[in-house]
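Breakdown of the fold
So you can see what is in the structure, the chains are spelled out below.
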Amino acid sequence: MKPIPTPRLTAATDPRSRGVTRKQFLHTLSGAAVATLWPVRPFAQDILPDAMRRRVARILREYDSQGDHRTGSPVDAESGRWLSDRVDDAGIVPDLEWMGFSRIDVEAAYVEVDGRRAEGVPLYDGGVTEPEGVTGSLGPTDAGIGLAHVGPRARQAFRDYRHSTPQRAVVTVTGGAENGGPEGLALMNAPDFNDPFGPAVLQVSSHHRAWLTRTAAAGATARVVAHVTRRPEEVFNVTATLRGTQPALAPLLVITPRSGWWTCASERGGGIAVWLEMIRAMGAAPTPTRTTVFLASTGHELGHYGLTEFLRTRSRLIQGAVAWIHLGANFGAAIGAAPMLQASSVELRRLASSAMQAEQVPPENVRPAGDVPAGEVRAVHDGGGAYISLLGANGLFHHPHDRWPDAVDVDRIVRYARAFVAIGLQLANTP
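1. Topic: helix H2 (residues 49–65)
- Between the first and last C-alpha of H2 there are 24 Å, a value that for 17 residues agrees with the 24 Å anticipated at 1.5 Å per step.
- Considered for burial, the residues of H2 that qualify are Ala51, Met52, Arg55, Val56, Ala57, Ile59, Leu60, Tyr63 and Asp64.
- Packing partners of the buried residues in H2 comprise helix H3 (74–89), helix H6 (265–284) and helix H11 (410–428).
- Glycine 67 occupies a position one or two residues after H2 and carries a positive phi of about 110 degrees.

2. Thoughts on the nonpolar core
- If you look at the biggest cluster of nonpolar residues, it comprises 62 residues, and the most contacted ones within it are Trp275, Met278 and Phe294.
- It is H11 that provides the largest number of residues to this core, a total of 12 residues.
- Sequence-distant contacts of phenylalanine 294, that is, excluding residues within four places in its chain, are made with Ile92, Val238, Thr239, Ala240, Leu242, Val254, Trp275, Met278, Ile279 and Met282.
- Counting residues in each nonpolar core, the second largest holds 19 residues, with Ile145, Ala169, Leu202 and Val224 among its members.

3. Focus: the pairing of strand S11 (residues 340–343)
- Side chains of S11 alternate between two faces, with Met340 and Gln342 and Leu341 and Ala343 buried alike.
- The pairing of S11 with strand S12 (residues 365–366) spans 2 bridges and is parallel. Counted as the bridge partner of leucine 341 is valine 366 from S12.
- The handedness of the S11 to S12 crossover, carried by helix H9 (residues 346–358), is right-handed.

4. Thoughts on unusual backbone geometry
- Residue proline 152 is reached from glycine 151 by a cis peptide bond, and omega for that bond is 15 degrees.
- Positionally, proline 152 belongs in the loop between strand S4 (145–148) and helix H4 (156–164).
- Omega for the peptide link from tryptophan 404 to proline 405 comes to 0 degrees, which places this bond in the cis form.
- Assignment of secondary structure puts proline 405 in the loop between strand S13 (387–391) and H11.
- Phi at histidine 304 takes a positive value of approximately 55 degrees, unusual for a residue other than glycine.
- Of note, asparagine 330 is a non-glycine position whose phi angle comes to about 75 degrees, a positive value.

5. A few points about the side chain of threonine 292
- Tracing the chain through its elements places threonine 292 in strand S9 (residues 292–297).
- By relative accessible area, threonine 292 is classed as buried at 0%.
- When sequence neighbours within four positions are dropped, the list of residues in contact with threonine 292 reads Ala240, Thr241, Leu242, Leu252, Val254, Met282 and Ala428.

Calculation rules
Residues numbered from 1 in each chain as written. Predicted model: local features only at pLDDT ≥ 70, side-chain atom pairs only at ≥ 80, totals over all residues. Heavy atoms only, no water. Helix = DSSP H or I, 4+ residues; strand = E, 2+ residues; numbered from the N terminus. Expected span 1.5 Å × (residues − 1). Buried < 20%, exposed > 50% of the residue type's maximum accessible area, 1.4 Å probe, protein only. Contact = heavy atoms within 4.5 Å. Core = buried A, V, L, I, M, F, W, Y, C linked by side-chain atoms within 4.5 Å. Pairing = 2+ DSSP bridges. Right-handed = clockwise from strand over helix to strand, strands pointing away.

Okay, here's the thing in structure tokens:
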């Protein structure tokens, strides 16, 4: 049975309905509102730090136990329903916002040379092959099949190469010290999932680096298979709305992705845990002035698919929201997190920095206000919206070993949760 679509957001989205201009709002923030942050009061006993730590640890453990969180997978659906139950536990009624999706099923993906085979994963926004694959010499740009050493972070040079190469397929070795991480298969995101381009790109583990390098140096013939099928699927975002006392005022948006490659416990877990703690604390506080909309989107690794669909019929929210809070990737990672604060204005950056410093987790890196940000909040930036965003690095980025408990720093995540509760309450209660 086709799921029944949930009602669309009804909070005011027209900037003219705010009652104050954005300049006036930021002026308010730049004064006493920033100097004296909204306190994280114990509105209920379970918002105290020890209880929060137990909840955060439980969320991370359960999220990790679900398995591979790829968009459109059975785990993605199970995880979304689990998250909606946790929203309900936190005291707000959740919504599942369904959307159509073209799911990729990998039928066969490998590179083969002289009978030796290395399994891999196709790049989800690249080309594909027929079941028999393509054959050619393996080597540099003048070979029939290219060999690269890129991933999990895709460089612009590799993107340009994919656009221009006449090669029918490319094998790229991901992970390992050469790419700044541990050995293994560390996958790249697919920002052009809806508009794939270039040759088939097969991602293989760094364990095959030496063999493939020797093979390419010898000019050996390789066969690459990247055979996939697509089928219609339905996926969903998880949303929740905390109504304010003055619904005509512009709402606050709090967003975090919930999908990714592999288990992604530290990549995604920190954002999900802080998002839930904000729901719990803001729902337990006296009813805020402004409405707050919470979004946990699927499709992060595939061109921010869920956020794009959320905005498709709500584009006026980009500028119509008083601000967006983006809880991005990796800031709760135990290995190399180096959290970075991104904000659209000096005033919002100051607000976030003050809250984080108060909880003894000041940002290690601060992007200049208004610079082009990374992550989902890029859509808000491009649309001229106001935002605060936190994300970090990760020594296990897009790697199968990003697992509970070793990959996550629970205590740091709790401190971020308290900081962002204060930020959320401040923004939701600014007239």
